[in-house]
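# Coordinate analysis (summary)
What follows is the residue order along each chain.
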Amino acid sequence: MRDAGVEGIVVFAAWGSWVARFRWPVLVGTVVAVAAAGMWGLGVFGQLTEGGYNDPGSESTRAAEVVRAELGAQGGDVVVIYTPVAGGIDDTGLGRRVQARLAALPRTAVTAVASYWPDKAEQYASADGSRAVAVLTLTGDDEGEKLTAYREIDDQLAVEGATAQLAGGAPLSDASSALSTRDLAFAEAVSLPIVLVLLLLIFGSLVAASLPVLVGGCAVLGSLGVLHAIAYGHDVNSFAVNVASLLGLGMAIDYGLFMVGRFREEQGFGRTPAEAVARTVATAGRTVIFSATLLMIALAGLMLFPQGFLKSLAYGGLAAVALAALLSLTLLPALLAVLGPRVDKLPVRLPRRRTNRPAGTGWARLAGAVLRRPVLVALPILVGLLVLAAPVAGVRFGENDERILPAGDPARQAVETLKADFPALSSAGVQVVLRGTQGAAPAAPAGTAFAAALKQVPGVAAITPAGSGGDVLLYTATLSGTDPFSPAAREAVRAIRAQPAPAGTEVLVGGTTARNVDSLAATAEQLPLMVGLLVGATLVLMFLAFGSLLLPVKAVVLSALSLSATFGILVWIFQDGHGAGLLRVTPAPPEVGIVVLMAAVVFGLSTDYEVFLLSRMVEARTRGATTAEAVTTGLARTGRVISAAALLLIVVTGAFALSSVTTMRFIGVGMIVALLLDATVVRMLLVPAVLKLMGDAAWWAPGPLRRLQQRAGLQEYEDEELFPTVSVGRHAAPDGGGARPAPAGRAGGDPPSPEPASSWFRPAGPGAVAGSASVSPAAPVPPAREVSVTSAPDGPVSPAGPGAERSDGPVVAGAPVSGEAAGGYSAAGYPAAGYPSAGYPIAGSAPLAASSRITLDQPEAATASRAAGPAPEASDGSAPAGASAGPSPAPAAGELHPVTVDLGDRVAAPAGAAPWTDPAADERAPAGEDVPRPADQDRDDDARREEGGERREPGLDTTAILELPPPE
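In this report, the structure presented in the accompanying data block is examined. This one's a predicted model, so the numbers in the text were calculated from it and none came from an experiment. In this convention, every chain numbers its residues from 1, walking through the sequence in written order. Per-residue local features are limited, in this predicted model, to residues with pLDDT of at least 70; the limit for side-chain atom pairs, both in listing and counting, is 80 or more; totals at the level of whole chains, interfaces and linings are taken over all residues. Water and hydrogen atoms play no part in the side-chain values, which are based on all heavy atoms of the structure.

### Looking at the overall build of the protein chain
Quick reminder of the rule: Secondary structure elements are taken from DSSP: a helix is a run of H or I of four residues or more, a strand is a run of E of two residues or more, and numbering for both begins at the N terminus. When accessible area is computed with a 1.4 Å probe and restricted to protein chains, residues below 20% of their type maximum are described as buried, those above 50% as exposed, and intermediate ones as partly exposed. Whether two residues are in contact is decided by their heavy atoms, any of which lying within 4.5 Å being enough. Computed with the Shrake-Rupley method and a 1.4 Å probe, the accessible areas treat only the protein chains shown as cover for residues.
A tally of regular secondary structure across the protein chain gives 25 helices and 14 strands. Buried positions account for 57% of the 968 residues belonging to the protein chain. Within the protein chain, counting contacts between residues at least 6 apart in sequence, those at least 24 apart form 81% of the total. Split by element, the accessible area of the protein chain, about 37400 Å² in all, is 60% carbon and sulfur.

Shown next as structure tokens:
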């Protein structure tokens, strides 16, 4: 039943070993490929578009196509507004200069020109006669080609004696694209140094801190190459580059944080760089793939929508996340294998406040406070989140228009002038197409009667004939309001479409408002499919990861609640205008595509944090912990790492809030709010409270489904069968760890009395937490190489309790453990053959039946005397056997001395410890024979001494042991 899980780990471990073995070819090949993709990908900036917001199969799109085919481009791609400095628009000299300038425009860029001059056409003059316009039609079949043509002439339209303002779709797209590109570079220039400093604080080494940033930069470069390739066959909106930069950099740093941290821990256990890389890829790398899969499924949901804009966002996001995960499993392991111990070069020593509290104590205290009063914690948070989500009820979605630009931007000011003085030429009007179905244009009386009926529609201020040709009559309906995305404007479009068409004709309604109505309808039609994909994938994957029915449901509900609160805050600010002045944005309806994108990304990230947190809780639960104990252990082990990961992502994505483009600022503020809510209020307070209220039901699943989950082998909690004492997943590393002291009576005395499993998880005293390290030494334990444990057929490996069957034969450990000679107790407190049950869960306890293989790295020679705190008391309050009030005496030669240390500070073995031994080789060697020390280990030691560092010897490898107090 464990074959699938083991095979999965073996695949990742084998990949890590392969990358470590061929590190130089992998490193060189990856760098060359990324550099080539990045250099070639820079060409994508010339192929980006600013459109894609419409549904290609909608009525508004059909109306635009019919008008373009029968009448040509309407409204022009560029509208040049000329305002005389002196005199008026009828000045003869000004008219000649404008005509000469327009006639000189290259025909490779401009196909048609219409202006006020020389015929003094009234439709091209403002009502007060202070301004006149020239309307230009650009070459090109799509928005990208038209944008290229505009950039060829944008500096050739000014004339002497008048100011020229450039309005229209092309100037607006050009300004938006230029500002987005500039602000993106600024955001990266601000965020990267801050991220590097934060990583430096986390890792304490400049080399280690720079690796995630390096991988993030490579992910962004590679995604540009992917987008460039896609642009040859599909339209790619310029915002796809922003999404690729945001997710590529953010997720690569997130993945790199855990990969580098895990590698350093493995090296701290004395493993060679190749071994450390293999174990890092097999554990943290496996979870990187799990996390990337969840996020890519969320982003793939954007492909279900018909709008090209959303598909472009999916292209950018999928390329960035996939490359971030791929580089985290190729480039990063190769770099780690090359660097080896040098990953800790260029250390930065920061002053730290010394404390005697075990790591994770603060998070455990927080969990204790929540668990004592779960209702008082959960109820106010739920009410608060619902209040924050309330503004979502009044949301109205729009499209990106001139309001996304800063108030002083010339393109925005030009469009505002056009809307005010030339409403018929602005894009705010509604196009009404009356088309004959018999191959001829509708009769004039029928068209006149239809136009008269349109004037009676509520919300329509005027109906103006806009042209005729072929079988088409075109009218422009000017709406009463100034906001084309208001409810009144949308209702007017629906009312126009409801008008009966004259006999022998069909009516097509287009324009900005109609396009927005159709886009929202298409989004609403496909949204249930995306939600179903997202929720369904999350439920299935989380069930396979944790084997519970209710945990995935809880995760989806809380993520949806957090997401709703985030959007409520964004609507309150960006649409309703509260605080908009502080952010220097103009209130406007949000673009529906950006909202859908943020929903996918935030939901994926929140699920990732949920997996991270629950993995530790499920690990504790499978070892016999109660719900409260499992929650405390999970929060103590993951609180710091979740906070660090969220902080790094806030810096990367929050830098977008500095942009002058409202769309980018919307994303930046939204990601800050979402990450703060999710990583703090929801994960650290609401989740523990809800789990406490759910009790044991949180972990339940029917037997058939549980067996299915076991066969799938996708567990995201600890699996010791392949890697003893090493957790699976990036969440493997505890804040501190070490071996537990032997209970009273263990060394040469009477064995302690049996104790229920729940007592294993009691704190050792004030400030102690489950999962934290202890600093008191164990009593000397004589060596032994055999240990007997029980393995229930359908349950976890667990201590033998009263009435339980014990295994008939001993299990030979891969490295020395304490067993019968140690007063009848094995490593981690398991009873040996013939002794009652008491002690701690063993490293390797898992919810599945498995061979009871135990491996603990432990010094094999006598240790020198060590000063230590008081030994644990016996159950009657007296000193334990063999213990004294002072420092523990040095054990005799040949005895084992388990050392309890804090993994963060562990740099050397105790004085007198034996040289390094290879557990795998020890398992193969006959008893009593020495195991040769690998030559590359000597080289590693020499390198460390030359670098002025200390050799990290393997003490007790207790990465996966839940650090628990001794039974009383």
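### Notes on helix α5 (residues 143-153)
Of all the positions in α5, only G144, K146, L147, A149, Y150 and I153 are classed as buried. Looking at the packing, one finds that the buried side of α5 touches β1 (48-49), β2 (78-84), β3 (110-115), β4 (132-138), β5 (162-167) and α6 (169-203).

### Points about the packing of helix α8 (residues 239-268) against helix α21 (residues 627-654)
For clarity, the threshold we go by: Angles here are taken between N-to-C directions and fall from 0 to 180 degrees, while the axes themselves are lines fitted to C-alpha atoms, restricted in helices to the stretch in contact. Note on terminology: angles under 35 degrees are roughly parallel, angles over 145 are roughly antiparallel, angles of 65 to 115 are roughly perpendicular, and the others are oblique. Here a crossing is called left-handed whenever its near helix is offset anticlockwise from the far helix by less than a right angle, and right-handed whenever the offset is clockwise. By the convention adopted, Pro, Cys, Tyr, Trp, Phe, Met, Ile, Leu, Val and Ala count as nonpolar, Lys, Arg, Asp and Glu as charged, and the other residues, Gly among them, as polar.
Two numbers describe how α8 lies on α21: the axes approach to 9 Å, and their chain directions differ by 155 degrees. Taken together, the axis directions place α8 and α21 in an arrangement best described as roughly antiparallel. Crossing angle aside, the handedness with which α8 passes α21 is right-handed. The segment α8 lies against α21, with L246, L249, G250, M251, I253, D254, L257 and F258 engaging V641, A644, A645, L648, L649, V652 and T653. When the residues that make up the contact of α8 with α21 are grouped by side-chain class, the tally is twelve nonpolar, two polar and one charged.

### Concerning the nonpolar core
Selection rule: Residues enter a nonpolar core if they are buried and are Ala, Val, Leu, Ile, Met, Phe, Trp, Tyr or Cys, with the set joined through side-chain atoms within 4.5 Å.
With 171 residues, the main nonpolar core has L199 and L302 as its most contacted residues. Sorting elements by how many residues they give to this core places helix α20 (residues 592-622) first, with 20 residues. The residues contacting L302, other than those within four sequence positions of it, are L310, K311, L313, A314, M530, V596 and L597. With 37 residues, the next largest nonpolar core counts Y124, A132, V133 and A170 among its residues.

### Some points on the sheet that holds strand β10 (residues 505-511)
Selection criterion: A pair of strands counts as paired when DSSP detects no fewer than two bridges linking them.
Spatial strand order, β8-β9-β7-β10: four strands in an open sheet with antiparallel pairing. Each edge of the open sheet carries a strand with a single partner, namely β8 (460-469) and β10. Ignoring which end each strand starts from, the neighbouring axes of this sheet average 20 degrees apart. Pairing of strand β7 (residues 430-436) with strand β9 (residues 472-479), which is carried by six bridges, proceeds in the antiparallel orientation. Each residue of the ladder has a partner; that of V433, found in β9, is L474. Its contacts with the sheet put helix α3 (residues 59-71) on β7, β8, β9 and β10, and the angle it makes with β10 is roughly 100 degrees.

### Overview of the packing of aromatic side chains
This is how it is decided: Put simply, two rings from Phe, Tyr or Trp (the six-membered ring, in Trp's case) pair if the centres are within 6.5 Å, and we call them stacked under 30 degrees between planes, edge-to-face over 60, tilted for the rest.
The tally for this structure, following the rule as stated, stands at seven aromatic pairs. Centroid distance W15 to W18: 5.3 Å. Interplanar angle 20 degrees. Geometry classified as stacked. With W15 and W18 both in helix α1 (residues 3-21) and three residues apart, the pair spans about one turn of that helix. We classify W15 as partly exposed; its relative accessible area is 34%. Among the aromatic residues, those joined into a ring-pair cluster are W15, W18 and F22.

### Here's the deal with the pairing of β2
Taken across its seven residues, β2 has seven buried, putting it largely inside the fold. The two faces of β2 match: V78, V80, Y82 and P84 on one face and V79, I81 and T83 on the other face are all buried. The pairing of β2 with β4 spans five bridges and is classified as antiparallel. Across the sheet, V78 pairs through a bridge with L136, a residue of β4. The pairing of β2 with β5 spans six bridges and is classified as antiparallel. What sits directly across from P84, in β5, is A162.

### Examining the pattern of salt bridges
Our working rule: When a carboxyl oxygen of Asp or Glu lies within 4 Å of a side-chain nitrogen of Lys or Arg, that pair is called a salt bridge.
Inspection of the entire model under this criterion finds 22 salt bridges. For the salt bridge of D174 with R151, the shortest nitrogen-to-oxygen distance reads 2.7 Å. With D174 in helix α6 and R151 in helix α5, the pair connects residues that are 23 residues apart, well separated along the chain. R151 sits in the partly exposed class, given a relative accessible area of 36%. Notably, a salt bridge pairs R435 with E506, separated by 3.7 Å at the nearest N-O pair. Taken as a pair, R435 in strand β7 and E506 in strand β10 lie far apart in primary sequence, 71 residues in all.

### Focus on the side chain of S180
Note the cut-off: Polar contacts here mean pairs of N or O atoms no more than 3.5 Å apart (in protein, one a potential hydrogen donor and the other a potential acceptor; neighbouring residues in sequence count only if both atoms are side-chain atoms).
In this fold, S180 is placed in helix α6. Residue class for S180 comes out buried when judged on its relative accessible area of 6%. Looking at S180, its side chain comes within polar contact range of the main-chain oxygen of S176, at 2.8 Å. Dropping the residues within four chain positions of it, S180 is found in contact with N242, V661 and M664.

### Some words on a nonpolar patch on the surface
We apply this condition: Distance thresholds for patches are 9 Å for like charges and 5 Å for nonpolar side chains (Val, Leu, Ile, Met, Phe, Trp, Tyr), applied to residues having over 30% relative accessible area and no salt bridge.
There is a patch of nonpolar side chains on the surface, built from V375, L379, V383, V387 and L693 and spanning about 460 Å² of accessible area. Considering each element in turn, the nonpolar patch owes the most residues, four residues, to helix α13 (residues 374-389). Within the secondary structure, V375 is located in helix α13. Residue V375 is classed as partly exposed on the basis of its relative accessible area, which comes to 48%.

### What about the packing of helix α17 (residues 512-546) against helix α18 (residues 550-575)?
Relative orientation of the contacting elements α17 and α18 amounts to 140 degrees, with a least axis distance of 8 Å. If you check the angle between α17 and α18, you find them oblique. Classified by chirality, the crossing of α18 by α17 is right-handed. Here V535, T538, L539, M542, F543 and F546 of α17 come into contact with α18, specifically with L551, P552, V553, A555 and V556. Its residues assigned to classes, the contact of α17 with α18 comprises ten nonpolar, one polar and no charged.

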